[in-house]
Amino acid sequence: SVEMQDTVRYQDDALRQIKTFLDDRVGAGEWVMLLTADNGSQYPWEESGGIPIDPTKMKALVNERFDVT
């Protein structure tokens, strides 16, 4: 639909702005962005084959792997 196209275009533009901001403030190649999505109507992970994400565990893994200062 036109509305979905507009929404995706807006999100793409916003992501480019965030990337530009991080490149300018932190430095190109010096930051990591992790994106996840939940459209609110997922099948149980046992049925879909998806992997449930534990935000606390994800944060710990990112902090362990990357310099967070």
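Above: the structure in question.
In this text, all values refer to a predicted model and were calculated from it rather than measured experimentally.

**Focus: the pattern of salt bridges**
Step number 1: Applying the stated criterion across every chain, the model contains 3 salt bridges.
Step number 2: Residues R9 and D6 are paired through a salt bridge, measuring 3.1 Å at the closest nitrogen-oxygen approach. With R9 and D6 both in helix α1 (residues 2-25) and 3 residues apart, this pair spans about one turn of that helix.
Step number 3: Here R9 falls in the partly exposed class, since its relative accessible area comes to 47%.
Step number 4: A salt bridge links D13 to R16; the shortest N-O distance between them is 2.7 Å. Within this pair, D13 and its partner R16 are both found in helix α1, separated by 3 residues, close to a single helical turn.

**Quick notes on the side chain of D23**
Step number 1: Among the structural elements, D23 can be located in helix α1.
Step number 2: Engagement of the side chain of D23 in a polar contact is seen with the side chain of W31, the distance being 2.8 Å.

**Focus: the packing of aromatic side chains**
Aromatic ring pairs: the centre-centre distance and the angle between the two ring planes describe each pair.
Step number 1: Applying the stated criterion across every chain yields a total of 0 aromatic pairs.
Step number 2: The ring of F66 carries the charged tip of R65 above its face, separated from the ring centre by 5.0 Å.

**Quick look at α1**
Step number 1: Taking 1.5 Å per residue as the helical rise, α1 with its 24 residues ought to reach 34 Å, and the 35 Å between its terminal C-alpha atoms agrees with that figure.
Step number 2: G27 occupies a position one or two residues after α1 and carries a positive phi of about 120°.

Calculation rules
- Residues numbered from 1 in each chain as written.
- Predicted model: local features only at pLDDT ≥ 70, side-chain atom pairs only at ≥ 80, totals over all residues.
- Heavy atoms only, no water.
- Salt bridge = Lys/Arg side-chain N within 4 Å of Asp/Glu carboxyl O.
- Helix = DSSP H or I, 4+ residues; strand = E, 2+ residues; numbered from the N terminus.
- Buried < 20%, exposed > 50% of the residue type's maximum accessible area, 1.4 Å probe, protein only.
- Polar contact = N/O pair within 3.5 Å; in protein donor to acceptor, adjacent residues only side chain to side chain.
- Phe/Tyr/Trp six-rings, centres within 6.5 Å; stacked < 30°, edge-to-face > 60°.
- Lys NZ or Arg CZ within 6 Å of the ring centre and 35° of its normal.
- Expected span 1.5 Å × (residues − 1).

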